[in-house]
Amino acid sequence: MSGTSLDGLDLVCATFEKKTAWEFEILKATTYAYTSEWKETLAQLNQHSPKKIKEIEKEYICLLADKILDFTTDLEGIDFVSSHGHTVFHQPDKGITLQIGNSVDLSRLINLPVVCDFRTQDVALGGQGAPLVPIGDLYLFKSFSACLNLGGFANVSKKKGFEVSAYDVCAVNTVLNKLAKEKELDFDPEGSLAQSGKNIPELFEALESLNFYTKKAPKSLGIEWVIQEVFPILERFTNEAVEDRIHTYTRHVAKQIGERFTAKDTVLISGGGAKNLYLIAAIRSYSDASFTIPKVEIIDFKEALIFAFLGLLRMQNKINCLSSVTGSLKDHCSGQIFYPEK
C-alpha cells in the first residue's frame, strides 16, 4: 500500500480464514520509508507527460519488487501479492484514474501472482473507484458501526446491517504535512504545532465553505482537488504564523469529521492521523460518538491488510467493490491478476 501522504510502502503478510465470519492474522508488517528523492518524484508525478510517467513507473516497479523481495525473504507459502500501486490521477467524474505499478512486470520480478488495478473497472462502471477499503471494514471489523481512516485524506465507512456507505470526507495529511514542512518537519508530531496555535476565523470560514462538503455521497477526493481548492485558500494567509494555520486547518478537519457521526456510533480510527493526539481530541470535541484507537499494528497497516483481502476476494471471483460505496452501476469483482511467466 502506498498512500497520498507519501510515508512509504506498507507491506503486510496476512492469513485469512472464513469460519462463521472472516478472521485474519497479521504475521508480519513493515513500512519502507520513501527516500527524499522518491517523495519528491511521486509528489510531482501528475505534472509530467504520459511518456515521463511511464519511465518513472518502470523505476517504481523495480522499487516495489526490491522491497517485496526483501520483505518476503523469510516467508514461505505466499499465495499472491495484492498491490494498490501509487495514485497519479484520480478524477472519476471525468472517467480518469491512474495508479502506477499495475503491471505484469512486477509479477515477473517477484515470481509471484500479483493482484492489482482495483479502481479502473469501477470508474468504467460509472463509480468513484474509491474508497475501496469499506468491504474490509464490513467483513473484518464487524464489531464497529463505523471506521474512520486518517491518511492523506479522511474517509469513513458506516455500516447498517449488511449495507455499507462510505466516502471521502476531507484532506488531512496531504495538507497538514505540507504546513509542517514550513517548520522543516515531515509531519506535525502528535499535533503539537496545531495545539500551540490559535484559530484564524477568516481561514476557518473559507475552508468550511468548500463546495465538496455540500455534495452527497458517494464522493471521493484526489490530490488534484487539494491543489486546486485547498492550497489557494491557505496561500491567502501566508502572513499568518504556521502554527495558527495548522491549528485552524486541524480544527476544520475535526469539525468535518466529527459531524459525520452520532452518539450511537462506535468508530474505529486508523491511519497515521490516529497518532495526532490534538486532532483526535478535536474530533471528539465535535462528536458524541465512541471513538476507539486500536493497537499500532492496525493503525499503521489496516489499509494494506484490507488490500490483501481485496486481492483474496478477486482471486476467488467474489464481489470486492460495492456500488453503495462507489456509486458504480453494480457490485462487482474488481482487479487484474498477473502471473509470472512459467
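Further up the page is the structure itself.
Residues numbered from 1 in each chain as written. Predicted model: local features only at pLDDT ≥ 70, side-chain atom pairs only at ≥ 80, totals over all residues. Heavy atoms only, no water.

**Observations regarding the packing of helix α10 (residues 242-258) against helix α11 (residues 277-285)**
- The geometry of α10 relative to α11 is characterised by a closest axis approach of 8 Å and an angle of 45° between their N-to-C directions. Taken together, the axes of α10 and α11 lie oblique to each other. For the pair α10 and α11, the sense of crossing is right-handed. For the pair α10 and α11, the contacting residues are His247, Thr250, Arg251, Val253, Ala254, Ile257 and Gly258 in the first and Tyr278, Leu279, Ala282, Ile283 and Ser285 in the second.
- Across the contact of α10 with α11, the residue classes break down as seven nonpolar, four polar and one charged. (Axes fitted to C-alpha atoms, helices over the stretch in contact; angles between N-to-C directions. Helix = DSSP H or I, 4+ residues; strand = E, 2+ residues; numbered from the N terminus. Parallel < 35°, antiparallel > 145°, perpendicular 65-115°, else oblique. Left-handed = near helix turned anticlockwise from the far one by under 90°. Contact = heavy atoms within 4.5 Å. Nonpolar A, V, L, I, M, F, W, Y, C, P; charged D, E, K, R; others polar.)

**Concerning the sheet that holds strand β8 (residues 153-160)**
- Taking strand neighbours across the sheet as the criterion, the five strands line up as β9-β8-β7-β10-β11 in an open arrangement whose pairing is mixed. With partners counted over all chains shown, the strands left at the sheet margins are β9 (163-171) and β11 (290-292), one partner each. Strand-to-strand, the axes of this sheet are offset by a mean angle of 20°, without reference to chain direction.
- The sheet contact formed by strand β10 (residues 266-270) and β11 spans three bridges and is parallel. Considered in β11, the bridge of valine 267 is made with phenylalanine 291.
- Of the strands in this sheet, β7 (146-150), β8 and β9 are in contact with α10, which crosses β9 at around 165°.
- Lying on the sheet, helix α12 (residues 296-315) is in contact with β7 and β10; it crosses β10 at an angle near 85°. (Pairing = 2+ DSSP bridges.)

**Concerning the packing of aromatic side chains**
- Taken as a whole and judged by the stated rule, the model has ten aromatic pairs.
- Between phenylalanine 16 and phenylalanine 309 the ring centres are 5.5 Å apart and the planes differ by 40°, which places this aromatic pair in the tilted class. Taken together, the residues phenylalanine 16 in strand β1 (residues 8-18) and phenylalanine 309 in helix α12 connect sequence positions 293 residues apart.
- For phenylalanine 309, a relative accessible area of 0% gives the class buried.
- Judged by centre distance (5.6 Å) and plane angle (55°), the ring pair of phenylalanine 24 and phenylalanine 141 falls under tilted. You can see phenylalanine 24 sitting in strand β2 (residues 22-33) and its partner phenylalanine 141 sitting in the loop between α5 (134-140) and β7, a full 117 residues away along the chain.
- In textbook terms, an aromatic cluster arises when at least three aromatic residues are bridged by ring pairs, as seen for Phe16, Trp22, Tyr139 and Phe309.
- Residue placement shows lysine 219 over the ring face of phenylalanine 212; its charged tip is 4.5 Å from the ring centre. (Phe/Tyr/Trp six-rings, centres within 6.5 Å; stacked < 30°, edge-to-face > 60°. Buried < 20%, exposed > 50% of the residue type's maximum accessible area, 1.4 Å probe, protein only. Lys NZ or Arg CZ within 6 Å of the ring centre and 35° of its normal.)

**Notes on the pattern of salt bridges**
- Per the stated rule, a full pass over the model turns up 17 salt bridges.
- Measuring nitrogen to oxygen at the nearest pair gives 4.0 Å for the salt bridge that ties lysine 39 to aspartate 186. Of this pair, lysine 39 sits in helix α1 (residues 36-43) while aspartate 186 sits in the loop between α6 (173-180) and α7 (192-196), and the two are 147 residues apart along the sequence.
- Bridged by salt links that share partners, the residues Asp105, Arg108 and Glu341 form one connected network. (Salt bridge = Lys/Arg side-chain N within 4 Å of Asp/Glu carboxyl O.)

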